[in-house]
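A closer look at the structure
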Amino acid sequence: GQQLNQSPQSMFIQEGEDVSMNCTSSSIFNTWLWYKQEPGEGPVLLIALYKAGELTSNGRLTAQFGITRKDSFLNISASIPSDVGIYFCAGLIAGGTSYGKLTFGQGTILTVHP
Amino acid sequence: DVKVTQSSRYLVKRTGEKVFLECVQDMDHENMFWYRQDPGLGLRLIYFSYDVKMKEKGDIPEGYSVSREKKERFSLILESASTNQTSMYLCASRTGANTGELFFGEGSRLTVL
């Protein structure tokens, strides 16, 4: 099946620093999404991107849908301790034989030191 | 709020045992999913169901089966558990086929000895 390559695998940062992570694929997706999983919980959707080139913000989070539709990045500005968790990118192909199948990246583990 | 509830947070089973993981959602969602989460591998799709009694294999269906007799309930079955099935299992649901927003349960951590 399709694969998403997410990097970095882990990050250890100081509170207040900015964070950047990205996701690339050999396949084209209709939609890119970013999820966050906090310890002991299931992933929760942060941002969804629907058009190539789209840049979307959600508070301190900014994500972009790459022009080629094969990549996306997520930035977190001025990190705080509650940003700790695992961040997953995901790509969606709508319709066709894949029936709206979502493919996830390997995840980026974020640790924020106070 | 959408609620996806997984029946067991932690299970310990022995090799060869039959294991049932239950998932219930309360928002009348059509699609339901079972994922497996392993460090460094992300979330891998085991099976999904787009309607009652319908199921489709995901990327890693071997060793698993599923059942969806009612719209709100999706069960994952390990007919004969093996140690390589020790993992975190996540159930999710969504409203329809072409939306990327999945609602996840809290996960079931299975250990097979």
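**Re the overall build of chain B**
Helices and strands together make up the secondary structure of chain B, namely zero helices and eleven strands. Taken from N to C terminus, the helices and strands of chain B fall in the order β-β-β-β-β-β-β-β-β-β-β. The C-alpha radius of gyration of chain B comes to 13 Å, within 12% of the 13 Å expected for a compact globule of 113 residues. Referenced to the eigenvectors of the C-alpha coordinate spread, the extents of chain B come out at roughly 35 × 30 × 25 Å. A buried classification covers 49% of the 113 residues belonging to chain B. Of the contacts made within chain B by residues no fewer than 6 positions apart, 55% connect residues no fewer than 24 positions apart. Total accessible area on chain B stands at roughly 5400 Å², and carbon and sulfur atoms take up 48% of it.

**Topic: the environment of A:Asn58**
Residue and element names in this part refer to chain A. Structurally, Asn-58 can be placed in strand β6 (residues 55–58). We classify Asn-58 as partly exposed; its relative accessible area is 40%. It is 9.7 Å that separates the C-alpha atoms of Asn-58 and Ile-76, two residues lying 18 residues apart in sequence. Those residues in contact with Asn-58 that lie beyond four places of it in its chain are Leu-46 and Ile-47.

**Some details on the pairing of strand β4 (residues 31–37) of chain A**
All names here are of chain A. In terms of residue burial, β4 counts as a mostly covered element, since seven of its seven residues are buried. Note that β4 and strand β9 (residues 85–93) share seven bridges and pair antiparallel. Considered in β9, the bridge of Leu-33 is made with Ala-90. Connecting β4 to the next strand, strand β5 (residues 44–49), in antiparallel fashion are six residues, including Gly-40 with a positive phi near 80 degrees.

**Re the sheet that holds β6(A)**
Residues and elements named next belong to chain A. Pairing within the open sheet is antiparallel, and its five strands lie in the order β1-β3-β8-β7-β6. The strands lining the two open edges of the sheet, one partner per strand, are β1 (4–7) and β6. Each strand of the sheet is rotated relative to its neighbour by a mean of 15 degrees, with strand direction disregarded.

**With respect to the pattern of salt bridges**
Residues and elements named next belong to chain B. Overall, the coordinates contain nine salt bridges over all chains when judged by the stated rule. Lys-53 is paired through a salt bridge with Glu-69; the nearest N and O atoms lie 2.5 Å apart. Residue Lys-53 is found in the loop between β5 (42–49) and β6 (56–57), and its partner Glu-69 is found in strand β7 (residues 65–70); the two are separated by 16 residues along the sequence. By the burial criterion, Lys-53 is exposed, and Glu-69 matches it. Beyond isolated ion pairs, a larger network of salt bridges with shared partners links Arg-36, Asp-38 and Arg-44.

Analysis parameters
- Residues numbered from 1 in each chain as written.
- Chains lettered and ligands numbered in written order.
- Predicted model: local features only at pLDDT ≥ 70, side-chain atom pairs only at ≥ 80, totals over all residues.
- Heavy atoms only, no water.
- Helix = DSSP H or I, 4+ residues; strand = E, 2+ residues; numbered from the N terminus.
- Rg over C-alpha atoms; globule rule 2.2 N^0.38 Å.
- Buried < 20%, exposed > 50% of the residue type's maximum accessible area, 1.4 Å probe, protein only.
- Contact = heavy atoms within 4.5 Å.
- Areas by Shrake-Rupley, 256 points an atom, 1.4 Å probe, with all protein chains shown as cover.
- Pairing = 2+ DSSP bridges.
- Axes fitted to C-alpha atoms, helices over the stretch in contact; angles between N-to-C directions.
- Salt bridge = Lys/Arg side-chain N within 4 Å of Asp/Glu carboxyl O.

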